[in-house]
Amino acid sequence: MPELKVAHSEDSKTTLSPKGRFFDYTLLIIVLLLIVYGLIMVYSTSAFSGMQEGDPAKYFRKQLISTMIGFGFMLLATFIDYRRWYKLKVPIYILSVLSIFLVIPFGADINGANRWIRIGGFSLQPAEIVKLGLIVSLAGFITYSGKKISKFRNNLFFCGMAGIAALFILVITNNLSTAIIVLGIAYLMIVVGNNKPKWYIVLMVALVAIATVIVVLIFKNPDGANGFRFKRILAWRDPEAYASDVGFQTLQSLYALGSGGFFGKGLGQSLQKLGFIPEAQNDMVFSVICEELGLFGGICLIVLFILLIWRLMIIANNAPDLFGSMIVVGVMAHISIQVVLNIAVVTNAIPNTGVTLPFISYGGSSVVFLMTEIGLVFSVSRQVRVPVTVKSRPERPVKTSRQNA
């Protein structure tokens, strides 16, 4: 049997691209689609609330300005070599954690929560600074540990970093959901970077078991659940029993999900956003998406997030060093955790808690820092070397002595 031979072009060859020349246009397109999707839905869900305040485009305009600012930070982070942040891992962590304390003297009470600080006409949520700072600093310390990452003192140090940040967020801003997200980001980064992650898996199983026991005890003794968060757990099991209290938002969200059908009522045609879902442009935006665009629109959005996570995984696997890989893993953990928690809350798969949907929910601080994180990912991806085809230059004929004569 004759041997099959692969034909190679004589005037071209395959080589690796130089560092700093590659740009991930696939990731850029996915991010742009999410941003456009989010801006459209922010306008659709907030137009009624804005109309009551005299300007239907009020929230859309603010979100658009924040998105433009986010683009600026994304470009800045893209073209600054991410390896420069490695030497700044200590001050980045300290300053990001200390930013939480700005809420004490400069805090602004928004919707009964003191979690923002006012800067001119804009509000800033320091918890978003903590997320970004923890991703960069923890990636730096994991890289610094190297092969000794599995040692007990190093893992204790990593857990301490995440625990202190989460504790300050919980105590100072009373924001349990963000504290859980911070711990989740650190957990996934440590597990991925650790060469012996079995103890963290055991820890996760233990925490899930403890949480299950607490939930069961609350269900068995509902009269003793007087705290606001305990009531949310009871409303999770039976939202209709708490329809006038903590279960109201969840119940309205389920009405929106159920009434949309497969293709929805049409963009802008939601009924639940007309005052039934409080501030529908925030945490419960996914329910309005499913009401207006149907199950089809919700699935399309989930597919976009899956493609985003897939692209981040590829960049993390091909990063030129551990520091870059850990930064991308941290960003991937941040986005994936918030997407899962938000959709789980909207569908009543878990008790209600305030978690925004990345790139989609209204929130200036969220979109600015998310786009900054994406800029860091672009900075890492620019150092990835990919196969490229280069055309060979034809050799010039050498003149002989007779030709010269």
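All residue numbers refer to positions counted from 1 along the written sequence of the respective chain. A pLDDT threshold of at least 70 governs which residues receive local features in this predicted model, and a stricter bar of 80 or more applies before side-chain atom pairs are shown or counted, although totals over entire chains, interfaces and linings include all residues. The basis for every side-chain value is the complete set of non-hydrogen atoms in the structure, without hydrogens or water.

Q: Report on the overall build of the protein chain, specifying residues and quantitative values.
A: The number of helices and strands found in the protein chain is 14 helices and five strands. Residue burial in the protein chain is summarised as follows: out of 405 residues, 44% are buried. Here a residue-residue contact requires only that any non-hydrogen atoms of the pair lie within 4.5 Å. Pairs at least 24 apart in sequence give 71% of the contacts found in the protein chain among residues at least 6 apart. When the accessible surface of the protein chain is split by element, carbon and sulfur atoms take 66% of a total near 21,500 Å². In this text, helices come from DSSP runs of H or I with a minimum length of four residues, and strands from runs of E with a minimum of two, each type numbered from the N-terminal end. Each residue is assigned to one of three classes by its accessible area relative to the maximum for its type, calculated with a 1.4 Å probe on protein chains only: buried under 20%, partly exposed between the two thresholds, exposed over 50%. Accessible surface area values rest on a Shrake-Rupley calculation with a 1.4 Å probe, where residue burial reflects the displayed protein chains alone.

Q: So what about the environment of Ile350? Which residues, and what values?
A: Inspection of the secondary structure puts Ile350 in the loop between α12 (322-346) and α13 (364-381). Given a relative accessible area of 26%, Ile350 falls into the partly exposed group. With 114 residues separating them along the chain, Ile350 and Trp236 place their C-alpha atoms 6.8 Å apart. With sequence-adjacent residues up to four places away left out, Ile350 is seen in contact with Trp236, Leu341, Ala344 and Val345.

Q: Account for the pattern of salt bridges, naming residues and giving values.
A: Any carboxyl oxygen of Asp or Glu that lies within 4 Å of a side-chain nitrogen of Lys or Arg is treated as forming a salt bridge with it. This model, assessed by the stated rule, comprises seven salt bridges. We note a salt bridge from Arg61 to Asp55, for which the minimum N-O separation is 2.6 Å. A relative accessible area of 23% places Asp55 in the partly exposed class. Across the pair Glu128 and Lys131 runs a salt bridge whose closest N-O atoms are separated by 3.3 Å. Placement of both Glu128 and Lys131 in helix α5 (residues 126-145) is noted, with a separation of three residues, approximately one turn of the helix.

Q: Account for unusual backbone geometry, with residues named and values stated.
A: One non-glycine residue, Asn348, lies in the positive phi region at around 65°. For Asn348, the location among the structural elements is in the loop between α12 and α13. We classify Asn348 as buried; its relative accessible area is 17%. In this structure, Phe359 takes a positive phi of about 70° despite not being glycine. You can see Phe359 is positioned in the loop between α12 and α13. Since its relative accessible area comes to 4%, Phe359 is described here as buried.

Q: Help me get a handle on the packing of helix α6 (residues 152-173) against helix α7 (residues 176-193), residues and values and all.
A: Relative placement of two packed helices is described by the angle separating their axes and the distance separating the axes. Two numbers describe how α6 lies on α7: the axes approach to 8 Å, and their chain directions differ by 165°. Here α6 is positioned roughly antiparallel relative to α7, judged by the angle of their axes. Viewed along their axes, α6 and α7 form a crossing whose handedness is right-handed. Seen from α6, the contacting residues are Asn155, Phe158, Cys159, Ala162, Gly163, Ala165, Ala166, Ile169 and Leu170; seen from α7, they are Leu176, Thr178, Ala179, Val182, Leu183, Ala186 and Ile190. Residues belonging to the contact of α6 with α7 are distributed by class as follows: 13 nonpolar, three polar and no charged. Every axis in this analysis is a line fitted to C-alpha atoms, fitted for helices over the stretch in contact. Angles between the N-to-C directions lie between 0 and 180 degrees. In what follows, roughly perpendicular refers to angles from 65 to 115 degrees, roughly parallel to angles under 35, roughly antiparallel to angles over 145, and oblique to any angle outside these ranges. Each crossing gets its handedness from the near helix: less than a right angle anticlockwise from the far helix is left-handed, clockwise is right-handed. Residue classes follow a fixed rule: Ala, Val, Leu, Ile, Met, Phe, Trp, Tyr, Cys and Pro count as nonpolar, while Asp, Glu, Lys and Arg count as charged, and any other residue, Gly among them, counts as polar.

Q: Talk me through the packing of aromatic side chains; I want residue IDs and the actual numbers.
A: Pairing of aromatic side chains here covers Phe, Tyr and the six-membered ring of Trp, requires ring centres within 6.5 Å, and sorts the geometry by plane angle: under 30 degrees stacked, over 60 edge-to-face, intermediate tilted. Applying the stated criterion across every chain yields a total of twelve aromatic pairs. Each ring, one from Phe262 and one from Phe296, has its centre 6.3 Å from the other, and the planes form 45°; the classification is tilted. On the criterion of sequence distance, the pair formed by Phe262 in the loop between α10 (248-259) and α11 (285-318) and Phe296 in helix α11 is long-range, its members being 34 residues apart. In our convention, an over-ring charge means Lys NZ or Arg CZ found within 6 Å of a ring centre and within 35 degrees of that ring's normal. The ring of Tyr86 is capped by Lys89, whose NZ or CZ atom sits 4.0 Å from the centre of that ring. The aromatic ring of Trp310 is capped on one face by Arg311, whose charged end is 5.3 Å from the ring centroid.

Q: Got a sec to walk through α11? Specific residues and values, please.
A: Expected helix span is computed as 1.5 Å times (number of residues minus one). A rise of 1.5 Å per residue sets the reference length of α11, with its 34 residues, at 50 Å; its end C-alpha atoms lie only 34 Å apart and thus fall more than 12% short of the reference. Residue Leu293 marks the point of greatest curvature in α11, where the axis turns by about 125°. We define the bend at any residue as the angle between the axes fitted to the seven residues before and including it, ending there, and the seven starting there.

Q: So what's going on with the side chain of Ser96? Residues and values would help.
A: Its place among the elements puts Ser96 in helix α3 (residues 89-98). Any pair of N or O atoms that falls within 3.5 Å is considered a polar contact. Within protein, one atom must be able to donate a hydrogen and the other to accept it, and sequence-neighbouring residues count only if both atoms are side-chain atoms. Of note is the side chain of Ser96, whose polar atom sits 2.9 Å from the backbone oxygen of Ile92. If we skip the residues at most four places from it in the chain, Ser96 touches Ile129, Val130 and Gly133.

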